Amino acid sequence: MKKTLKAILCIVLVAAFVFSLTGCAKINYVTNGTIKAIREVKDGSWKDGGADAGDDADAAGDPVVLEKEFEAGTYGGVEFSSLDDVANYYKEAYDYTKSLTAQYIDDQGNTVTFYKLLGDENMTIGDVIIDGSANAVVNKLVPGIVSNMFSPNTYGLVPCYNRNPDLDNNSEDEFKKADHDFRTTEFSGEDILAANVTDNGDGTITIQIQPKAAEMSTRGDDSQGRFFEVLGDISGVVASIDAVSFTQGTAEENVKVTYKGGTGTIKINTATKEIVEADYDMETVVNVTHASIAVIKDKSATLTISYVNHYPASDEYLKSAKGITRV
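Note that the coordinates shown come from a computational prediction; the quantities given were computed from them, not determined experimentally. (Residues numbered from 1 in each chain as written. Predicted model: local features only at pLDDT ≥ 70, side-chain atom pairs only at ≥ 80, totals over all residues. Heavy atoms only, no water.)

1. Things to note about the overall build of the chain
Check the secondary structure of the chain and you find seven helices and 16 strands. For the chain, the residues scored as buried account for 48% of the 327 residues in total. A separation of at least 24 residues holds for 69% of the contacts in the chain among residues at least 6 apart in sequence. By element, 49% of the accessible surface of the chain is carried by carbon and sulfur atoms, the whole surface being about 14800 Å². (Helix = DSSP H or I, 4+ residues; strand = E, 2+ residues; numbered from the N terminus. Buried < 20%, exposed > 50% of the residue type's maximum accessible area, 1.4 Å probe, protein only. Contact = heavy atoms within 4.5 Å. Areas by Shrake-Rupley, 256 points an atom, 1.4 Å probe, with all protein chains shown as cover.)

The following block contains the structure:
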């Protein structure tokens, strides 16, 4: 996902604004603008940071979506008395699983070492809403824009910077100390809105976790960023697109990304504390206000993003996505 997701949502918004008001007569403008935006996103940079809104999330605005409530008890021989216990066990399993590596053959025929547990990824973008209304033309185009730009990849457990453990941090270069080392997780009980545990009766347990909501989440920095592969502060990306301006305020003030309602379902072997299967479903709402493109002034747009990571990726996926073969 990484930069591709940021590029997609920015370009979808640009295309949405134009098509919603000018129709297909402007398709050449949109095409040229899209190409330009792609170049700008690839060449530009966006700010690190992000508010940890998850810790202060209001329950009314962050509803629990898990059907099963947490019940203290012993599951698979492991005692869970609180959400802190769930978080601590998840951390132990996450850290141990990311300590495991395996050898692969890459697309150049070289033997390489990556995480043992690699996953696949899939993304869908919901209807783009312009000034409170969906536009059929825009939403018909969105899947094509996404499929043309979204290139499936494979990584270790999210959040993750690289499938090579030696590179799994957000250091800009080898000489800069990383802000976060994603070979371990900093996720804690303070990040959990809801959770539950199930004994599968086969030596494994399944933990479900819903992290607290957050705004403008950044990888490793808040409740969502410590659990999912998030977008970061995309206002810097939007601000870098010359075609977009704002009738009032700045991009930082007018571009909001809300993360809530996402869940993780993690199956763990209790004998080893190894994660053997997992699904992370991140749910995001992007809202842009007071935006202008050319003669189109002061418009708002909203879109939803669902981003799902599944572990382990199949052999077929690894081969088709990145030319990787398990040894």
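2. With respect to the pairing of strand E3 (residues 101-105)
In this sheet, strand E4 (residues 111-115) lies alongside E3 in antiparallel orientation, the contact comprising five bridges. Bridge pairing in E4 links Thr101 to Tyr115. A loop of five residues connects E3 with E4, the two strands running antiparallel in sequence, and Gly109 in this loop sits at a positive phi of about 85 degrees. The pairing of E3 with strand E16 (residues 325-326) spans two bridges and is antiparallel. If you follow Ile105 over to E16, its bridge partner there is Thr325. (Pairing = 2+ DSSP bridges.)

3. Remarks on the pattern of salt bridges
A complete count under the given rule lists 10 salt bridges for this structure. Notably, a salt bridge pairs Asp181 with Arg183, separated by 2.7 Å at the nearest N-O pair. With a closest N to O distance of 2.8 Å, Asp191 and Arg226 form a salt bridge. Of this pair, Asp191 sits in the loop between helix H4 (136-149) and strand E8 (192-199) while Arg226 is found in the loop between strand E10 (214-215) and helix H5 (235-239), placing the two residues 35 residues apart along the sequence. Residue Asp191 is classed as buried on the basis of its relative accessible area of 1%. (Salt bridge = Lys/Arg side-chain N within 4 Å of Asp/Glu carboxyl O.)

4. Some points on the nonpolar core
Counting residues in hydrophobic clusters, the biggest one holds 67 residues, and the most contacted among them are Tyr90, Ile209, Ile275, Tyr280, Val286 and Ile305. Grouped together as the second largest cluster of nonpolar side chains are 11 residues, Val112, Phe114, Ala313 and Ile324 included. (Core = buried A, V, L, I, M, F, W, Y, C linked by side-chain atoms within 4.5 Å.)

5. With respect to helix H3 (residues 83-97)
Here H3 is 15 residues long and its end C-alpha atoms lie 21 Å apart, about the 21 Å a rise of 1.5 Å per residue gives. Listing the buried residues of H3 in full gives Val86, Ala87, Tyr89, Tyr90, Ala93, Tyr94, Asp95 and Thr97. As for H3, its buried residues are in contact with strand E2 (78-80), E8, strand E9 (204-211), strand E13 (263-269) and strand E14 (274-293). (Expected span 1.5 Å × (residues − 1).)

6. Focus on the sheet that holds E16
Ordered by their spatial adjacency, three strands build an open sheet running E4-E3-E16, and the pairing between neighbours is antiparallel. Because the sheet does not close on itself, it has two edges, and the strands there are E4 and E16.

7. A word on the pairing of strand E15 (residues 296-311)
Here six bridges tie strand E5 (residues 120-125) to E15, and the two strands are oriented antiparallel to one another. The partner of Glu121 across the bridge, within E15, is Asn309. Both strand E6 (residues 129-130) and E15 contribute to a ladder of two bridges, which runs antiparallel. Bridge pairing links Ile130 to Ala301 in E15. As paired strands, E14 and E15 are joined by 13 bridges and run antiparallel to one another. Its bridge partner being in E15, Ala291 is matched across the sheet by Lys299.

8. Re the packing of aromatic side chains
Following the criterion strictly, the structure yields 10 aromatic pairs and no others. Measuring from centroid to centroid gives 6.0 Å for Tyr280 and Tyr311, while their planes differ by 90 degrees, and the two rings are edge-to-face. Here the residue Tyr280 occupies a position in strand E14, and Tyr311 occupies one in strand E15, the gap between them amounting to 31 residues. Each member of the aromatic cluster is reached from another via a ring pair, and the members are Tyr90, Tyr94, Phe187, Phe227, Phe228, Tyr280 and Tyr311. The ring of Phe114 is capped by Arg163, whose NZ or CZ atom sits 5.4 Å from the centre of that ring. (Phe/Tyr/Trp six-rings, centres within 6.5 Å; stacked < 30°, edge-to-face > 60°. Lys NZ or Arg CZ within 6 Å of the ring centre and 35° of its normal.)

9. So, unusual backbone geometry
In this structure, the amide linkage connecting Val158 to the following residue, Pro159, adopts the cis form with an omega of -10 degrees. With respect to the helices and strands, Pro159 occurs in the loop between H4 and E8. Cis rather than trans, the peptide bond between Tyr311 and Pro312 has omega equal to 0 degrees. The topology assignment puts Pro312 in the loop between E15 and helix H7 (315-322). One non-glycine residue, Asp131, adopts positive backbone phi at about 50 degrees. Considering the arrangement of structural elements, one finds Asp131 in the loop between E6 and strand E7 (133-134). Given a relative accessible area of 41%, Asp131 falls into the partly exposed group. One non-glycine residue with positive phi stands out, namely Lys273, at about 65 degrees. Among the secondary structure elements, Lys273 is positioned in the loop between E13 and E14.

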